[in-house]
Amino acid sequence: MTVKLFRHARIYTPKDTGRPATGQGLAELAIFEHGALLVKNGRIVCVGDETKVLQHPTVGDVQLETDCEDCCLIPGFVDPHTHMCFARRREAEFERRISGTPYLDILKQGGGILSSVRAVARATEDDLYRVTRKQALAALKLGTTTVEIKSGYGLDTANELKMLRVIHRVGRSTPLDVVPTFLGAHAVPEPFREDPDRYVDQVINDMLPAVRRQGIAQACDIFCEEGVFSLDQSRRVLEAARRLGMRIKLHADEVRDLGGAGLAADLRAVSADHLLAASDDNITRMAQAGVVAVLLPATAYSLRKPYARARTMIEKGVAVALATDCNPGSSFTESMPFVVGLAVLNMNMAPAEALTAATINAAYALGVSGWAGSLDEGKQADFVLLDGESPSILAYHSGVCQAVAVFKCGEPVA
Ligand code: NIG
Ligand code: FE
């Protein structure tokens, strides 16, 4: 048994009310200016004002006391949308993109996601593991303690299963909790270019059952976009995944308003992600259906597109979450603090709203709210000490790592 006490902290945490925060709930944090956190065997036993925490019966068993020196203490970030399992970066393509070639044109010409697919096919499992682990550890240093990682650069059964094994291995060999997602329908692979429906059949009839037998991914995603997978194709794949008992989500309305947000509402998906071009009607339908909107402002920033309309979504009662989208094409960053900064400065979210979106709402989007996303008693003691007085520091002091220390289950890990 290990009992640890963290003292002299300015604690800021969203409250877990049993469902994702919406409307004004996004800005409602529990704040303890003179706070303390008591941890037993990696779990939180008491959190609050230091005077209250010091009265807890378990304080008598404390073996290690840490002085947080009045740093701001927040829950570890939960990053609910990444593609950080890839074999090679795409710097040359970035240069083409910033000189004017649109992201989807690069894909149409066989680059983009398809060039990452070729690199994964060539990479050994160990190489892929090394690159993925490096990205995951970079995220941890910046304060992410739970991360989703998608497959989707395999696009055939063997390589998709290979990616999922690598993602699983990164979870076992780093302090991070890693949540794997199957994204076999990320692009139409070259051999199927003339007959995308045949690839969709393959995803449904071969890949999904193989992924279920492998048992690593519990969730299924699809890139629903003009020129990639249509609404009908997306519905077929996601319904098949649901029949196999998987959680479903989708890349929706990232570039064009195809109606992906409406499909997410129809299917009661766990989340719809991106939504840069989502319509008002479909945003309303997402709110009614309880679909979490996972917003990825670093992608809008990198693609130089207008940001998702976070304020409209919050006003309409959608639960908003934030994620990095970390991938070698549209958004190469592991930094949740950067994403929070963009959300505050470019999507007009208040720092408190952005913190909630990057922690507890992100945990709901991933199905991990039972043990992550807030500093509630019984949850894992996953937290970050920031060099600042409040979470505003994440937007205010930009371009640096604001995390002084990162703790996973009460252990210092970065
Ligand atoms: O979320 N849009 C599809 N997938 C990723 C990009 C993947 C890539 O370019 O490699 C995204 O933006
Ligand atoms: Fe993505």
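Structure first, text after, so check above.
These figures come from a predicted structure and were not determined experimentally.

## Points about the layout of surface pockets
In this structure, the largest pocket spans a volume of roughly 290 Å³. Along the wall of the largest pocket there are 16 residues; nearest its centre are T101, P102, Y103, L104 and K305. Elements with a minimum of two residues in the lining of the largest pocket: α2 (91–98), α3 (103–108) and α11 (297–303). If you tally residues by element for the lining of the largest pocket, the top one is α3, at four residues. Classifying every residue of the lining of the largest pocket by side-chain character gives six nonpolar, three polar and seven charged. Lining the second largest pocket we find L104, L107, K108, L114, A187, V188, R193, P196, E226, G227 and V228. With three residues, α3 is the single largest residue contributor to the lining of the second largest pocket. Its residues assigned to classes, the lining of the second largest pocket comprises seven nonpolar, one polar and three charged.

## A few points about empty space enclosed by the protein
Taken as a whole, this structure holds two cavities of 30 Å³ or more when the rule is applied. In this structure, the largest cavity occupies an estimated 80 Å³ of space. Forming the boundary of the largest cavity are H83, Y103, I113, Y153, H186, F223, H251, E254, H274, D325, N327 and S330. For the lining of the largest cavity, the per-class residue count stands at four nonpolar, six polar and two charged. Of the pockets and cavities examined, the second largest cavity occupies roughly 40 Å³. Forming the walls of the second largest cavity are P75, G76, V78, T145, W371, A372, G373, S374, Q380 and D382. Looking at the lining of the second largest cavity, its residues break down into four nonpolar, five polar and one charged.

What counts and what doesn't
Residues numbered from 1 in each chain as written. Chains lettered and ligands numbered in written order. Predicted model: local features only at pLDDT ≥ 70, side-chain atom pairs only at ≥ 80, totals over all residues. Heavy atoms only, no water. 1 Å grid on protein atoms, 1.4 Å probe; cavity = no way out; pocket = protein on both sides within 12 Å on 5 of 7 lines; lining within 4 Å. Points joined across faces, edges and corners; volume = space filled by probe spheres on them. Helix = DSSP H or I, 4+ residues; strand = E, 2+ residues; numbered from the N terminus. Nonpolar A, V, L, I, M, F, W, Y, C, P; charged D, E, K, R; others polar.

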